[in-house]
Amino acid sequence: DTGVSQDPRHKITKRGQNVTFRCDPISEHNRLYWYRQTLGQGPEFLTYFQNEAQLEKSRLLSDRFSAERPKGSFSTLEIQRTEQGDSAMYLCASSSSRQGVWNSPLHFGNGTRLTVT
Amino acid sequence: AQKVTQAQTEISVVEKEDVTLDCVYETRDTTYYLFWYKQPPSGELVFLIRRNSFDEQNEISGRYSWNFQKSTSSFNFTITASQVVDSAVYFCALSYTGGFKTIFGAGTRLFVKA
């Protein structure tokens with residue numbers, strides 16, 4: 001169990017630029033989640049993958065956001081035409097299929113902190 | 001609607017004091033799961049405990065204990081004899097069978113002073 005890995009740890013970009021984040025889940029976990037956390041708040045759900053299928057998307061995920069998990073392993077989250085309001089910590093989490101999808105604890109990565117100037 | 005409320009934004013205690021973190025949840029589902037996570041200053045959220053809606057038995061793990069009461073929709077977390085290493089933000093969370101997301105409260109920041 002090497003943990004959930006996210007890259008990069010920090011990203012500073014100018015408004016209007018595109019950014020892409022990567023998440024490598026725990027290898028045997030087939031469930032992968034993206035969350036966003038702003039200062040003083042809890043994580044907010046963005047999207048969920050089971051293997052390569054994206055099964056749920058939050059209404060927070062505007063059309064500027066897209067997530068993929070092409071081979072059911074790593075995932076990418078892309079934000080197009082970034083806005084200052086996109087500044088946040090983007091968290092990836094994975095969970096095991098050995099338990100039910102609702103009762104499996106989430107294993108989080110260290111996150112990618114995005115700053116849009 | 002599903003919701004988790006942690007009314008305490010920040011709590012400050014002196015080492016060895018007991019402290020209780022409150023969590024109130026809302027859901028219409030009869031089957032749901034409650035969690036506590038810890039986010040230390042290093043930033044990575046760490047799972048602490050899970051409870052399902054059919055199991056109201058309280059749990060103790062070392063200095064940590066959890067009190068689940070369906071009648072008041074609460075899932076409170078108590079740290080006994082707090083230590084400086086307990087300083088962190090603690091999140092209560094809810095998952096339910098109506099969706100795949102886990103809903104987090106806003107968190108309670110705990111400061112334990114030596």
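Before any of the text, the structure's been laid out above.
Residues numbered from 1 in each chain as written. Chains lettered and ligands numbered in written order. Predicted model: local features only at pLDDT ≥ 70, side-chain atom pairs only at ≥ 80, totals over all residues. Heavy atoms only, no water.

**Q** Could you give me a rundown of the sheet that holds strand β8 (residues 75-79) of chain A, with the residues and numbers involved?
**A** Residue and element names in this part refer to chain A. A sheet is described by the order of its strands in space; here 4 strands give the open sequence β1-β3-β8-β7, paired in antiparallel fashion. Strands with a single pairing partner mark the edges of an open sheet, and in this sheet they are β1 (5-7) and β7 (65-68). Sheet twist, expressed as the average angle between the axes of neighbouring strands with direction ignored, equals 15°. Note that β7 and β8 share 4 bridges and pair antiparallel. When the bridges of β8 are listed, serine 66 appears paired with glutamate 78. (Pairing = 2+ DSSP bridges. Helix = DSSP H or I, 4+ residues; strand = E, 2+ residues; numbered from the N terminus. Axes fitted to C-alpha atoms, helices over the stretch in contact; angles between N-to-C directions.)

**Q** So what about the state of the cysteines? Which residues, and what values?
**A** Scanning all chains against the criterion turns up 2 disulfides over all chains. In this model Cys23(A) forms its disulfide with Cys92(A); the gap between the sulfur atoms is 1.9 Å. Residues Cys23(A) and Cys92(A) are joined through a disulfide that is left-handed, its torsion about the S-S bond being -70°. Placement of the pair is Cys23(A) in strand β3 (residues 19-24) and Cys92(A) in strand β9 (residues 88-95), with a sequence separation of 69 residues. By relative accessible area, Cys23(A) is classed as buried at 0%. Between the sulfur of Cys23(B) and that of Cys92(B) lies a disulfide, 2.0 Å long from S to S. (Disulfide = S-S within 2.5 Å. Buried < 20%, exposed > 50% of the residue type's maximum accessible area, 1.4 Å probe, protein only.)

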